[in-house]
Amino acid sequence: MAAFSDLNILHMENVSTKEKLLMAIKLGYEVVAINNYVENVLVKDDKGKSKKEPSKVVEIPAPVKVHLTERDIGDLKVKGASLKQLSRFTTVLSDPGQWRRMQEDDIQAYDLLAVQPTTEKLFHMACTAIEIDIITFNIGDKLTYYLKPAPVSKAIERGVHFEIVYSEGFHSSSRRTFIANALRIMHVTHGKNVIISSGAREAMDVRGPYDVANLGLLIGLQEPQSKDAISTNSRACVLHANTRHSVKSVISVRSSSELKAEDQWTVEACRKEASEESGDDSSESAAEEADSSFDAARPESKRRRMDGV
Amino acid sequence: MSTPTQDSAVYSELPAGVKRQATQLKLADDVRDGSAYLSSFLRRHVAPRNLATAAAANDAHQVVLLDTVVPKKRPSSLQKKGRRQLNARERRGVDCFAASTARQTYRTHVPLHTLWRGYMRSLLQLEPSRALAADAQHRLLKADYHGCVLTVARSRCPSLVGVAGIVLQETRCTWRLVTREDRLVTVPKATCVFTFELEGHVVTLYGKHFVHRPADRCSKKFKSKATIDL
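Position numbers for residues start from 1 in each chain and track the written sequence from start to end. Naming scheme: in the order in which they are written, chains are lettered from A and ligands are numbered from 1. The predicted origin of the model limits local features to residues at a pLDDT of at least 70 and limits the giving and counting of side-chain atom pairs to 80 or more, whereas totals for whole chains, interfaces and linings rest on all residues. The side-chain values count all of the structure's non-hydrogen atoms but skip hydrogen atoms and water molecules.

Remarks on the packing of aromatic side chains
The description of an aromatic ring pair rests on the distance of the ring centres and on the angle between the ring planes. Centres within 6.5 Å make a pair out of two Phe, Tyr or Trp rings, where for Trp the six-membered ring is used; the pair is then stacked when the planes are under 30 degrees apart, edge-to-face when over 60, and tilted otherwise. Per the counting criterion, the structure on display carries 14 aromatic pairs over all chains. Relative to B:Y145, the ring of B:W116 lies with its centre 6.5 Å away and its plane at 40°, an arrangement referred to as tilted. With B:W116 in helix α8 (residues 106-124) and B:Y145 in the loop between α9 (134-141) and β1 (149-155), this residue pair connects regions lying 29 residues apart in the sequence. Take B:W116: its relative accessible area is 3%, and that puts it in the buried class. Only protein chains enter the accessibility calculation, which uses a 1.4 Å probe; a residue whose area is less than 20% of its type maximum is buried, one above 50% is exposed, and one in between is partly exposed. B:Y145 sits in the buried class, given a relative accessible area of 0%. With a centroid separation of 6.0 Å and an interplanar angle of 80°, the aromatic rings of B:Y145 and B:W175 are classed as edge-to-face. Taken as a pair, B:Y145 in the loop between α9 and β1 and B:W175 in strand β3 (residues 174-179) lie far apart in primary sequence, 30 residues in all. Pairwise contacts between aromatic rings join B:W116, B:Y145, B:W175, B:F194, B:F196 and B:F210 into one cluster. Note on geometry: a ring has a charge over it if NZ (lysine) or CZ (arginine) is within 6 Å of the ring centre and within 35 degrees of the ring normal. A cation sits over an aromatic face here: A:R207 above A:F170, 4.2 Å from the ring centre. For helices the rule is a DSSP run of H or I covering at least 4 residues; for strands it is a run of E covering at least 2, with both sets numbered from the N terminus onward.

Notes on a positive patch on the surface
Residues and elements named next belong to chain A. A grouping of K65, K84, R254 and K260 is seen on the molecular surface, where their side chains present a positively charged patch. Looking at the secondary structure, you find R254 in strand β10 (residues 251-255). Overall, R254 belongs to the partly exposed group, its relative accessible area being 31%. Each patch is built from residues lacking any salt bridge and having more than 30% relative accessible area; the joining distance is 9 Å for like charges and 5 Å for nonpolar side chains (Val, Leu, Ile, Met, Phe, Trp, Tyr). The accessible surface values rely on the Shrake-Rupley method and a 1.4 Å probe; as for residues, cover is taken only from the protein chains in view. One side-chain nitrogen of Lys or Arg within 4 Å of one carboxyl oxygen of Asp or Glu is enough to make a salt bridge. In summary, the charge assignment counts Lys and Arg as positive and Asp and Glu as negative, without counting His or the chain termini. Charge coordinates come from a single atom per side chain, which is NZ of Lys, CZ of Arg, CG of Asp or CD of Glu.

Details of the sheet that holds β10(A)
When DSSP finds two or more bridges between a pair of strands, those strands are recorded as paired. Spatial ordering of the open sheet is given by β10(A)-β6(B)-β5(B)-β1(B)-β2(B)-β3(B)-β4(B), a layout of seven strands whose pairing is antiparallel. Unpaired on one side and paired on the other, β10 of chain A together with β4 (184-188) of chain B mark the two borders of the sheet. Averaged over all pairs of adjacent strands, the angle between their axes in this sheet comes to 40°, without regard to strand direction. Where β1(B) and strand β5 (residues 192-198) of chain B come together, four bridges link them in antiparallel fashion. Counted as the bridge partner of B:R154 is B:V193 from β5(B). Contact criterion: two residues are considered in contact whenever any of their non-hydrogen atoms come within 4.5 Å of each other. For helices, the fitted axis covers only the stretch in contact; all axes are lines through C-alpha atoms, and the angles between them, taken along N-to-C directions, range from 0 to 180 degrees. Packed on one face of the sheet, α8(B) meets β1, β2 (164-170), β3 and β5 of chain B and runs near 80° to β2(B).

Things to note about the pattern of salt bridges
This model, assessed by the stated rule, comprises 15 salt bridges over all chains. B:D135 serves as the salt-bridge partner of B:R139, at 2.8 Å between the closest nitrogen and oxygen. Here B:R139 and its partner B:D135 are both found in helix α9, four residues apart, which amounts to about one turn of the helix. For B:R139, a relative accessible area of 27% gives the class partly exposed. Linked through salt bridges whose partners overlap, the residues forming this network are A:R101, A:E104 and A:D106.

Some points on the confidence of the model for chain B
Residues and elements named next belong to chain B. Averaged over all residues, the pLDDT of chain B is 81; the fraction at 70 or higher stands at 85%. Note that pLDDT drops below 50 for residues 1-5; the model gives that stretch five contacts with residues more than four away or on any other chain. Across the predicted assembly, pTM comes out at 0.71 and ipTM at 0.74. Each residue carries a pLDDT score, the predictor's confidence in it, ranging from 0 to 100.

Remarks on helix α6 (residues 149-158) of chain A
All names here are of chain A. Residues of α6 that are buried include every one of P151, V152, A155 and R158, and no others. Taken around the axis of α6, the buried residues stretch over an arc of 125°, which confines them to a single face. Away from its buried face, by an angle of more than 90 degrees, α6 presents the exposed residues A150 and E157. Where α6 is buried, its residues meet α5 (120-128), β8 (161-165), α7 (175-189) and α10 (232-244). Following α6 by one or two positions, G159 has its phi on the positive side, about 85°. To be clear, the arc concerns the directions from the helix axis to the C-beta atoms.

Quick notes on the pairing of β2(B)
All names here are of chain B. Of all the seven residues making up β2, seven are buried; the element is thus mostly covered by neighbouring parts of the structure. With three bridges connecting them, β1 and β2 associate as antiparallel partners. Across the sheet, residue T151 finds its bridge partner in β2, namely A164. Pairing of β2 with β3 involves five bridges; the strand directions are antiparallel. In the strand pairing of β3, G165 is matched with T179.

Focus on the interface of chain B and chain A
If you look at the interface, chain B gives 50 residues, while chain A gives 39 residues. We define buried area as the total accessible area lost by two parts upon association, computed with a 1.4 Å probe and summed across both. Buried surface at the junction of chain B and chain A, summed over both partners, amounts to about 3,900 Å²; 57% is from carbon and sulfur atoms. Put simply, chain B and chain A have three salt bridges between them. For A:R235, the salt bridge identified is with B:D229, shortest N-O distance 3.1 Å. For the purposes of these results, a polar contact is taken to be a pair of N or O atoms within 3.5 Å, where, inside protein, one atom must be able to donate a hydrogen and its partner to accept one; residues adjacent in sequence count only when each atom of the pair is a side-chain atom. Counting every contact that joins chain B to chain A gives 14 residue pairs in polar contact (both at pLDDT 80 or more). When residues of the side of chain B that touches chain A are traced back to their parent elements, those giving at least two are α8, α9, β1, β2, β5 and β6 (201-206) of chain B. Looking at the side of chain B that touches chain A, the element that brings in the most residues is α8(B), giving nine residues. Inspection of the sheet shows β10(A) paired to β6(B) by five bridges, in the antiparallel sense. Bridged to A:R254 within β6(B) is B:V202.

A look at the sheet that holds strand β6 (residues 112-117) of chain A
Residue and element names in this part refer to chain A. If you walk across this open sheet you meet the seven strands as β1-β2-β5-β6-β7-β8-β9, and the pairing is parallel. Edge strands, defined here as strands with exactly one partner in the open sheet, are β1 (5-10) and β9 (194-197). Where strand β5 (residues 84-93) and β6 come together, six bridges link them in parallel fashion. In the sheet register, T91 faces β6, and the bridge partner there is V115. Of the strands in this sheet, β1, β5, β6, β7 (134-135), β8 and β9 touch α10, which is tilted by about 105° from β6.

Points about the nonpolar core
Ranked by internal contacts, the top residues of the largest apolar core, which has 63 residues, are A:F123, A:I132, A:I135, A:F137, A:F162 and A:I164. If sequence neighbours within four positions are ignored, A:F137 has contacts with A:Q116, A:F123, A:L143, A:Y145, A:L147, A:F162, A:E163 and A:I185. Residue types Ala, Val, Leu, Ile, Met, Phe, Trp, Tyr and Cys, when buried and joined through side-chain atoms within 4.5 Å, form a set referred to as a nonpolar core. Within the second largest apolar cluster, 41 residues are counted, among which are B:L126, B:Y145, B:L177 and B:F194.

Here's what the structure looks like:
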């Protein structure tokens, strides 16, 4: 089973994100996404001069990364694990033109992209066309549209995930709609590609992974599905995000400086060869001679067979 | 004188009345005797080399073809092969692209790697300080990887992780690498993730979506897939 993950720790101005992260670590989460929620990426001119053109560009905050000390992640270190911090960007999808804005570099810099469609048409678009990782819902309010099975199955095929934010279920005012909406999502997805995350506004909103798995049973998930919703599916969601950053999901190119220390071995063979080559450049003739003498040392028949390759 | 019967009408003797008037009718001697006529008929119509067989067949009351039968010329097997192509099984049998399993050494393929680096440099217009342009990244999909030093970074098969070597051959489903230990290793693409470095750029190759023949790959339109998971 993949590591437990919470892909929605809300980043807010006045509440400490670090406190929430420490809570998540304490509860045993190994993958955490810090969510920047921007209501609208396009601000239109209210006076209605030209409705199509955005009057001002909305400043998108840079991805947040909380600095944690060794001591902070001590609970995970004991288990031999470490914390993986991801950045996530969430916006309300209320206009098809917003997708163009979302393709710009400042938003693409985030690891995970999530949208909250407001109409059935936009939900269809989010499921079938645009390149995002998570479709989320304002789960505390009544859903204004019907979740059709066709776009949902298309979304599952594309690897897009549906999110259920459990912290909305804690408030007595929204508990009923939370359960109703969650059941609707379960009904249409059959528990596939569903992730359950906290959406924590404060540290107390984060619950332990096994508690969340039990909560999954309440909203109609089977026991293994419920565990998958906080582990395997989240991992698949993160991998889908990585796929988005690759070239046609075949190749991805990074700068060598971005390579982590523990992954350096993967390019060692290449580096060795490159350094030897640059070293050989000065004494190329000598190297050639060595090669030919090496060749001559082999019997004639073997040499021919190798040439034929 | 025997009465003529239906089976032997040809061979029967002429009627007595006709025989009596033979001289007036100017009948040849051999006509008066059936067998003599037949032998002269055969002599006239059958090729001399077939005569013995014809006579023997006649004695045994067999049917014999008197025409000289010329057998139809069948196309020789050589001509037949020239016209049609080898089928898949035969092509596999010829196995002309198989890398020789004879001991391959790493050092003999180092020049191939040097050549490949030069090819990549010209293909991608590499500059170490700048990020790789989008079109250059797309060119990587269609590039030739013979001579590249590949490393298996991740794999479903743990024993393959860490295998590194110069690509000697690319097939649809596998790479054949020559390692530094002079081993020829066949690595499946579908279950592995490969990496290599080029002038300060680390390229990761997700083998799962790279399962194409190299010849097909250069003309293929790649489509994004749901996940790069193994």
